[in-house]
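Letter by letter, the chains look like this.
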Amino acid sequence: MTAAFVLGINMSVAGIFAVAFTVVAATNRTARGARWLALGYGMGIVYVGLEFILTRQVDPTPVGIGIFLVFLLALSFALIGVAYHYRAQPPWAAIAAIWVATILAVPVIFSMTYGSIPRLMLYQLPYFAMQTLLGLVIWRSGRRQALDLLLIALQLVAALIYVAKPFIAAQVGTANAPQGYMATTYAAISQSGSVVTLMAIALVLLLVMMRDSTAEMIARSETDPLSSVLNRRGFEHHAELALLRGDGNAVLVAADLDHFKKINDSFGHAAGDGVIAHFAAMLVDAAPPGAIVGRTGGEEFAVLIPGGLLSEGRLYAETVRTIFAAAQLPVLGVDRGFTASFGVAQHGLDDSLFELSRRADAALYRAKAGGRNRVRVALGELPPMPALGVA
């Protein structure tokens, strides 16, 4: 298999993935990384085209420098795209440092003997640095799912291939001039390694993007847009999973805004929406780690605290009730405070989420019936009162 044939495959593969990432960017406006990856693979086409042009040059240096820098530009675009996809700031300072060092090294590299080990090592060093940096960006994102780890491993493999190329050239030999590169065994091996890693990394990146897009769609379908907490379906799904995974201890807090209809009637629906959003934010801010917060109705909310006890649930509800009752919301154009009522229920050994919710709602109803702006716990869960002694 000749190097020219492999280069042709590389160009086709780069073109296919440039189109693929362009389609992802066009169909998903939140996929900021996809457009940069499309640019990166697009530059791969330019790189291969320059390799073919090189064989016809009398003075190969200008085109050779172009090949050297275009491929580094392709890796830079890929690095920026991956960083944006992983919600990380691209390491601009490190990228700039690699580029400055590379530009300064160009006269040195292209003045050295073609095919020599020192030249090859210096030539591959910027690629190694950029590829390693790409893997580091993914690692530092904190994502540790199987595809993320596979993508990191592929970056390291690609980086090691750059390191290995000078030693491969030393074993199989290479051309004496750039124009003869494509006729060498070294070129065929080098380009074959590139096409394999090119395809593997691109395929895994597409799978990562599909996975993350699906997760975002699910999250949007389970999130209430007004309050930014889970909607009823999302709350029930995550709460049931938490109960299945838990050790049996959990507490459910049901909450309801008092006289909410009067808020809408007196101040308008925009003010009512603002009150809901502020109350949801208070529920989230006061919730312990791992708590599941959802808006289960118009002005109704539920908070499941996995591993929590009744006393913790009651303390949480009292905390939110006190903060909310004391809050002033002038930004909404409302000149009065608001209150909410709470019901708290402890998860029993054989409780379903439905049964737990039913008892929390019953406690909430008693809080409403008792005058509102108060917390009540589910009947049957308070410890029995000690018997009074006879004097």
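How each quantity is defined
Residues numbered from 1 in each chain as written. Predicted model: local features only at pLDDT ≥ 70, side-chain atom pairs only at ≥ 80, totals over all residues. Heavy atoms only, no water. Pairing = 2+ DSSP bridges. Helix = DSSP H or I, 4+ residues; strand = E, 2+ residues; numbered from the N terminus. Axes fitted to C-alpha atoms, helices over the stretch in contact; angles between N-to-C directions. Parallel < 35°, antiparallel > 145°, perpendicular 65-115°, else oblique. Contact = heavy atoms within 4.5 Å. Nonpolar A, V, L, I, M, F, W, Y, C, P; charged D, E, K, R; others polar. 1 Å grid on protein atoms, 1.4 Å probe; cavity = no way out; pocket = protein on both sides within 12 Å on 5 of 7 lines; lining within 4 Å. Points joined across faces, edges and corners; volume = space filled by probe spheres on them. Expected span 1.5 Å × (residues − 1). Buried < 20%, exposed > 50% of the residue type's maximum accessible area, 1.4 Å probe, protein only. Arc of directions from axis to C-beta. Core = buried A, V, L, I, M, F, W, Y, C linked by side-chain atoms within 4.5 Å. pLDDT = per-residue confidence, 0-100. Phe/Tyr/Trp six-rings, centres within 6.5 Å; stacked < 30°, edge-to-face > 60°.

1. Thoughts on the sheet that holds strand β2 (residues 292-295)
Strand pairing in a sheet is mediated by backbone hydrogen bonds. Such pairs are either parallel or antiparallel.
Part 1 of the reasoning: As summarised here, the arrangement of the five strands in space is β2-β3-β1-β4-β5, forming an open sheet in which the pairing is mixed. Because the sheet does not close on itself, it has two edges, and the strands there are β2 and β5 (375-377). Sheet twist, expressed as the mean angle between neighbouring strand axes with direction ignored, is 15°.

2. Section: the packing of helix α3 (residues 61-85) against helix α4 (residues 92-109)
A pair of packed helices is captured by two measures, namely the crossing angle of their axes and the spacing between those axes.
Part 1 of the reasoning: With their axes 12 Å apart at the nearest point, α3 and α4 run at an angle of 170° to one another. Between α3 and α4, the angle is such that the two are roughly antiparallel. The residues of α4 that touch α3, namely those facing I65, F68, L69, L72, L73, S76, L79, I80 and Y84, are W92, I95, I98, W99, T102, I103, V106 and I109.
Part 2 of the reasoning: When its residues are assigned to classes, the contact of α3 with α4 shows 15 nonpolar, two polar and no charged.

3. With respect to empty space enclosed by the protein
The gaps of empty space that remain are located by a probe, the size of a water molecule, rolled over the atoms.
Part 1 of the reasoning: Considering all chains together, one arrives at two cavities of 30 Å³ or more under this definition.
Part 2 of the reasoning: If you add up the space inside the largest cavity, you get close to 90 Å³.
Part 3 of the reasoning: Lining the largest cavity we find 13 residues, and of these N28, T30, A31, H85 and E216 sit closest to its centre.
Part 4 of the reasoning: Elements with a minimum of two residues in the lining of the largest cavity: α2 (32-54), α3 and α7 (185-221).
Part 5 of the reasoning: Across the lining of the largest cavity, the residue classes break down as four nonpolar, five polar and four charged.
Part 6 of the reasoning: Reported here for the second largest cavity is a volume of approximately 40 Å³.
Part 7 of the reasoning: What lines the second largest cavity is simply A242, L243, G246, D247, G248, N249, A250, P306, G307 and H347.
Part 8 of the reasoning: Along the lines of polarity and charge, the residues of the lining of the second largest cavity split into four nonpolar, five polar and one charged.

4. A word on helix α11 (residues 310-326)
Part 1 of the reasoning: Between the first and last C-alpha of α11 there are 24 Å, a value that for 17 residues agrees with the 24 Å anticipated at 1.5 Å per step.
Part 2 of the reasoning: Listed as buried for α11 are L310, G313, Y316, A317, V320, R321 and F324. Seen from one end, α11 has its buried residues packed into an arc of 130°, which puts them on one side. Turned more than 90 degrees off the buried face of α11, the exposed positions are S311, L315 and A326.
Part 3 of the reasoning: On its buried side, α11 packs onto β1 (250-257), α10 (269-286), β3 (300-306), β4 (340-346) and β5.

5. Observations concerning the nonpolar core
Part 1 of the reasoning: Counting 65 residues, the largest nonpolar core has F21, Y127, M130 and L151 as its most contacted members.
Part 2 of the reasoning: When residues of this core are traced back to their parent elements, those giving at least two are α1 (3-27), α2, α3, α4, α5 (117-140), α6 (146-172) and α7.
Part 3 of the reasoning: With 15 residues, the single largest contributor to this core is α3.
Part 4 of the reasoning: Excluding its chain neighbours within four sequence positions, the residues that come into contact with F21 are A34, L37, A38, Y41, A202, L205, L206 and M209.

6. Observations regarding the pairing of β1
Part 1 of the reasoning: In terms of residue burial, β1 counts as a mostly covered element, since eight of its eight residues are buried.
Part 2 of the reasoning: Taking every second residue as pointing to the same face, both faces of β1 are buried, with A250, L252, A254 and D256 on one and V251, V253, A255 and L257 on the other.
Part 3 of the reasoning: In terms of strand pairing, β1 meets β3 through seven bridges, oriented antiparallel. Bridge pairing in β3 places A254 opposite A302.
Part 4 of the reasoning: Where β1 and β4 come together, seven bridges link them in antiparallel fashion.

7. Regarding the confidence of the model for the protein
Part 1 of the reasoning: Residues with a pLDDT of 70 or more make up 94% of the protein, whose mean pLDDT is 89.
Part 2 of the reasoning: Element-level mean pLDDT values for the protein span from 84 in helix α9 (residues 260-267) up to 97 in α4.
Part 3 of the reasoning: Counted against residues more than four places away or in other chains, residues 383-391, with its pLDDT under 50, gives zero contacts.

8. What to know about the packing of aromatic side chains
Two descriptors summarise a pair of aromatic rings, namely the distance from one centre to the other and the angle between the planes of the rings.
Part 1 of the reasoning: Applying the stated criterion across every chain yields a total of 16 aromatic pairs.
Part 2 of the reasoning: Relative to F301, the ring of F279 has its centre 5.2 Å away and its plane inclined at 70°; by these criteria the two rings are edge-to-face. Of this pair, F279 sits in helix α10 while F301 sits in strand β3, and the two are 22 residues apart along the sequence.
Part 3 of the reasoning: You can call F301 buried: its relative accessible area is 2%.

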